[in-house]
Amino acid sequence: MTPFTRLTAVAAPLPIANIDTDMILPAAFLKTVSRRGLGAGLFHTARYDYDKNERPDFVLNQPPWRRAGILVTLENFGCGSSREHAPWALLDFGIRCILAPSFAEIFYNNCFKNGMLPIKLDRATIDHLMAAVSQPGTAELTIDLEANAITAAGISAPISFAVDELRRQRLLYGLDDIGNTLQHGAAIAAHEERVRRETPWLAQTGLEPWRG
Amino acid sequence: MMTRPRTLYEKIWDAHAVAHLGSGEWLLYVDRHLLYEVTSPQAFDGLRASGSSVRRPELTLAVADHNVPTQHRAGGVAAIEDVDSRLQVETLERNVRDFGLPYADLTSTRHGIVHVVGPEQGLTLPGATIVCGDSHTSTHGAFAALAFGIGTSEAEHVLATQTLIQKPSRTMLIRVDGALGNGVTAKDVILAIIGKIGTAGATGYVIEYAGDAISALDMAGRMTVCNMSIEAGARAGLIAPDGKTFAWVAGRPCAPQGSMLEAAKAQWRTLRSDDGAVYDRTVAISASEIAPMVTWGTSPEAVTTITGETPDPGDEPDSARRAQLQRMLTYMGLSPRQKLDGVPIDIVFIGSCTNSRIEDLRAAAAIAKGRQVAHSVRALVVPGSAAVKAQGEQEGLHEVFRAAGFEWRDAGCSMCLGLNPDRLAPGQRCASTSNRNFEGRQGPGGRTHLVSPAMAAAAAVRGCLTDVRTLA
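It should be emphasised that the depicted structure is a prediction, and the values quoted were computed from it without experimental measurement.

**Here's the deal with the sheet that holds strand β1 (residues 17-22) of chain B**
Working step 1: Judged by pairing direction, the sheet is antiparallel, and its three strands sit side by side in the order β1-β2-β8 (chain B) without closing on themselves. Looking at the sheet topology across the chains shown, the edges are occupied by β1 and β8 (163-166) of chain B. Across the sheet, the axes of successive neighbouring strands diverge by a mean angle of 25°, strand direction being ignored.
Working step 2: Taken together, the four bridges between strand β2 (residues 25-29) of chain B and β8(B) define a ladder with antiparallel strand orientation. Looking at β8(B), one finds that L28(B) is bridged to L164(B).
Working step 3: Where helix α6 (residues 165-173) of chain A meets the sheet, its contacts fall on β1, β2 and β8 of chain B, and the angle it forms with β2(B) comes to roughly 90°.

**Observations regarding the pattern of salt bridges**
Working step 1: With the rule as written, the count across this model stands at 43 salt bridges over all chains.
Working step 2: For E198(A), the salt bridge identified is with R197(A), shortest N-O distance 4.0 Å.
Working step 3: Assessed through its relative accessible area of 47%, E198(A) is described here as partly exposed.
Working step 4: You can call R197(A) exposed: its relative accessible area is 56%.
Working step 5: The salt bridge partner of K265(B) is E262(B), with a shortest N-O separation of 3.8 Å. Placement of both K265(B) and E262(B) in helix α10 (residues 258-268) is noted, with a separation of three residues, approximately one turn of the helix.
Working step 6: Within this structure, K113(A), R170(A), D177(A) and E25(B) form a network of salt bridges that share partners.

**Focus: the packing of aromatic side chains**
Residue and element names in this part refer to chain A.
Working step 1: By the definition in use, this model includes 13 aromatic pairs over all chains.
Working step 2: When the ring of F77 is compared with that of F103, the centres are 6.4 Å apart and the planes differ by 85°; the resulting orientation is edge-to-face. Of this pair, F77 sits in the loop between β2 (70-73) and α3 (85-93) while F103 sits in the loop between β3 (97-100) and α4 (105-112); the two residues are 26 residues apart in sequence, bridging distant segments of the chain. The pair F77 / F103 is uniform in exposure class, with both members buried.
Working step 3: For the pair Y108 and F112, a centre-to-centre distance of 5.1 Å together with 75° between the ring planes defines the contact as edge-to-face.

**Observations concerning the environment of L191(B)**
Residue and element names in this part refer to chain B.
Working step 1: Within the fold, L191 resides in helix α6 (residues 186-197).
Working step 2: Classification of L191 by relative accessible area gives buried; the value is 0%.
Working step 3: Beyond its immediate sequence surroundings of up to four residues, L191 is in contact with M228, M293, T295, V303 and L450.

**Observations concerning the interface of chain A and chain B**
Working step 1: At the interface, 63 residues of chain A touch 89 residues of chain B.
Working step 2: Taken together, both faces of the contact between chain A and chain B bury some 6,100 Å²; the carbon and sulfur share is 57%.
Working step 3: Looking only at chain A, the three residues that lose the most surface to chain B are K31(A), W201(A) and W210(A), adding up to 16% of its buried area.
Working step 4: Joining chain A to chain B, the criterion identifies eight salt bridges.
Working step 5: Between K167(B) and D164(A) there is a salt bridge; the shortest N-O distance is 2.7 Å.
Working step 6: The tally of links between chain A and chain B comes to 29 residue pairs in polar contact (both at pLDDT 80 or more).

**Quick notes on the packing of α6(B) against helix α8 (residues 219-227) of chain B**
Residues and elements named next belong to chain B.
Working step 1: Running from N to C, α6 and α8 point in directions that differ by 25°, and their axes come no closer than 8 Å. It follows that α6 is roughly parallel to α8 by the angle criterion. Where α6 crosses over α8, the two elements pack in a sense that is right-handed. Between α6 and α8, the contacting residues are A186, K187 and I190 on the first element and G221, T224 and V225 on the second.
Working step 2: In the contact of α6 with α8, the residues fall into three nonpolar, two polar and one charged.

**As for α3(A)**
Working step 1: Within the sequence span of α3(A), burial applies to H85(A), A86(A), P87(A), W88(A), A89(A) and L90(A).
Working step 2: In the core, the buried residues of α3(A) are packed alongside α1 (21-24), β2, β3 and α4 of chain A together with α2 (41-50) and α5 (152-161) of chain B.
Working step 3: Directly beyond the C-terminal end of α3(A), a positive phi value near 120° is found at G94(A).

The rules behind each value
- Once a new chain begins, its residue numbering starts again from 1 and follows that chain's sequence as written.
- Lettering of chains starts at A and numbering of ligands starts at 1, both following the order in which they are written.
- Whole-chain, interface and lining totals are the exception, using all residues; otherwise, since this is a predicted model, local features are given only for residues with pLDDT of at least 70 and side-chain atom pairs are given and counted only at 80 or more.
- Side-chain calculation: all heavy atoms of the structure are included, whereas hydrogens and water are not.
- Two strands are counted as paired when DSSP detects at least two bridges linking them.
- Strands here mean DSSP runs of E at least two residues long; helices mean DSSP runs of H or I at least four residues long; both are numbered from the N terminus.
- Convention adopted: a line fitted to C-alpha atoms gives each axis, helices being fitted over their contacting stretch, and angles between N-to-C directions are expressed from 0 to 180 degrees.
- The contact definition used throughout considers only heavy atoms, calling two residues in contact when any of these lie within 4.5 Å.
- A pair is scored as a salt bridge if a Lys or Arg side-chain nitrogen falls within 4 Å of a carboxyl oxygen belonging to Asp or Glu.
- Relative accessibility thresholds used throughout: buried, under 20% of the residue-type maximum; exposed, over 50%; partly exposed, between the two (1.4 Å probe, protein chains only).
- Between 30 and 60 degrees the pair is tilted, below 30 it is stacked and above 60 it is edge-to-face, where a pair is any two Phe, Tyr or Trp rings, Trp via its six-membered ring, whose centres lie within 6.5 Å.
- Buried area adds together the accessible area that both of two parts lose upon being put together, with accessible area traced by a 1.4 Å probe.
- Think of a polar contact as two N or O atoms within 3.5 Å of one another; within protein, one of them needs to be a possible hydrogen donor and the other a possible acceptor, and neighboring residues in sequence only count if both atoms come from side chains.
- In these notes the angle categories are as follows: under 35 degrees is roughly parallel, over 145 is roughly antiparallel, 65 to 115 is roughly perpendicular, and the rest is oblique.
- A crossing counts as left-handed when the near helix is turned anticlockwise from the far one by less than a right angle, and as right-handed when that turn is clockwise.
- Each residue gets one of three labels, nonpolar for Ala, Val, Leu, Ile, Met, Phe, Trp, Tyr, Cys and Pro, charged for Asp, Glu, Lys and Arg, and polar for the others, Gly among them.

Take a look at the structure:
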C-alpha cells in the first residue's frame, strides 16, 4: 500500500450532505473484476449528461478542481452500499483525502484499506474550509498526517485533526493488515479450538467445495 | 464474582474477540463468510498475489445474485447476455473452483439472493458472526447473529485469516411497543424508525430491536427490519432469539441437529441483554402510531405515511438542508406539499433482500388476488431464492400473480439496483419493496418509492401510490 504522509493538492468543494455510494459510483460501473479504471465513473451522473457530455456546472469539470486530490464535503459522506469501488473510483480519479463532518462507517473503513485518509472535522471548520477552497486562488490544501494538521493559503492557522493511532501508523508506513493479523495465528487457532469445544455448531456447516 | 450486565451485542462480541491490537482495535473471529460476484473478484486477486489460501472454506458460501438476469435461468451462466455481467459470474465460478469453496450455482435449488440463502440454508445461527461484502448483511441480525457488511479488502482479510479488524460499536436500543395496525408491516416499522432517527442516526451503533411489536413479527418481518438497519447508518441490527427463531432454524441443511441442536438452543437462550444492561442510546416508538409508509425523496429518511404529503423546502431554515429537499423533489418530479396518495406509477417491483421471502409474496398475493394490474403499470414479482419460488408455486402464488398481470421471475437482486437487465428507464416511477431510493439506484434517472409488499401490490392494481388499507 502506498504510504500517506503529506499531500498538497487542490481541494474540490462538494457542499451536499448524505452523498451516497450510488452517486459516487453508479452501479453500472460495478461490473468490473479490477480495482483500476473506476475514475471514469466517479460521480458519473453529476459529471456527465445522458449523452456523456460533461456538465459544466459540476465542480470536477471546472478548473482548478478538475485536478482535485482532496474533497471537502458534508455529513454522512459515503452512505449506502459497502462497495469498495467507491473509494477505488475516488483514488483512481486522484482523490486521496476527504474532509467531512461525518462519514458512513463502511466507506470510512474502506478508505484506510486503500491508503486514503478520511478526516472528520466539525461543521464550522468544514464550512470555513469549504469557503476557502471554493475560490480558485485558495483551493489548494496541504494535509500533513505526520503533524496531524491541515494548512492552506486561505486559512490563517493550521487546523489539527485526529485519526486513530493504529490507522495513522498503517497509513504513514503503508502497512499490510493481513500480514499483521497473521502474526496472531496462535490466538486465532486457540479461538477456533475453543469454539469446537464450546459451540461446535459454529465450527461446521457441512458445506462442501463446489464440483461444478 | 459479579459480572457487569451486558447487552446482546456485547455478549456476541466478547465471544468472538480473538486479540486486542491496541487503540481500541480487536481481531474479531468470523463464523460465516458469504460471497457474491460483484465485490469479491479483487479479494481473490489479492489472495493470488500473496500466495494465500482460504483459511476456512467450509465456513464460506458463494452465490451469484446481483448481476444475474431473472429470466431464462435454466441456461445458467451462458444465458447471461451482458458480457461484463457474465464475466463477473464466470470469475466467481473460477475463484470458488480454484480456492475450493462451496457455491450455490445459478441452477442450484439453493440459489438465491445471498441474504435469503444464508438463513434458508441454516448458515445463519444465533450468536454467530456473519460478514459479506454487502451492506444488507445486517439482515441476518434477525437471528441474533452479529452480521454486517464489509469492503473487498476486508473480504480478502477474512478469506485469509477468518478474522476482521474491528472496534466495538456503541449500542442503541430501539423499542417498538404496542400492536401494529391493520395493513402495517415490518417494512413500515423500519421505514418509520429511519424517518425518526435519520439516515445517519445510528452511524457507529449496533441497534438492538425489542418490544412487543418486534416480538410479534415473524422471522421474515424481523429480517426486513434488520435488513434496513444500514439505511439508518447502523453497523448491524440485532433481535434476541426466541421460540420462533429456534423453530425457523431447526431442520435447515447447515443447522445443528439432534443433541447438538439441543445444546445449541441452551446456549442460544442466553443470547439476550441482561437486566440492567446499559445502552448508549435508547429510542422508543409506539406501534400504534405507525401507518403504511412511503418514501418521497432520494434518501430512505425522506419518508412519510401514505396519507402524508411532501415537505415544503420553503419551511426549512437551514440553507443546505433546504437545497437538499428541493433537489430531492426535483429529481422525484414532485411538488412541495404534494399528497402521495394518488401519485401515478409506471413500475412495481416486489423483491430484493428486504422483501422477497415467502411471507412477503403471500402478503402481496393477498392484495393481487382477483384484481388486475393497472394498464399503465408493469409489475414484477422476483422471489428471493429458488426455494422461495418453488414454495410460491406449490402454494399457487404464481398463478395468482400471473392472473393479475404480474410477471413471475427467477431469483436474484433484480430491480433493487441497476446491475442486471431489470432496471428503470429515466423518469420512470416505481413502487418498490427494495431498500434504497438513491438517485439512479434502480437505473439512471429512475424514481423510487420504497413501500411494503402489500403497498406495492396495491399500487400495481390502482396504478398509483395508494393506501393498502382501502383495498384489503
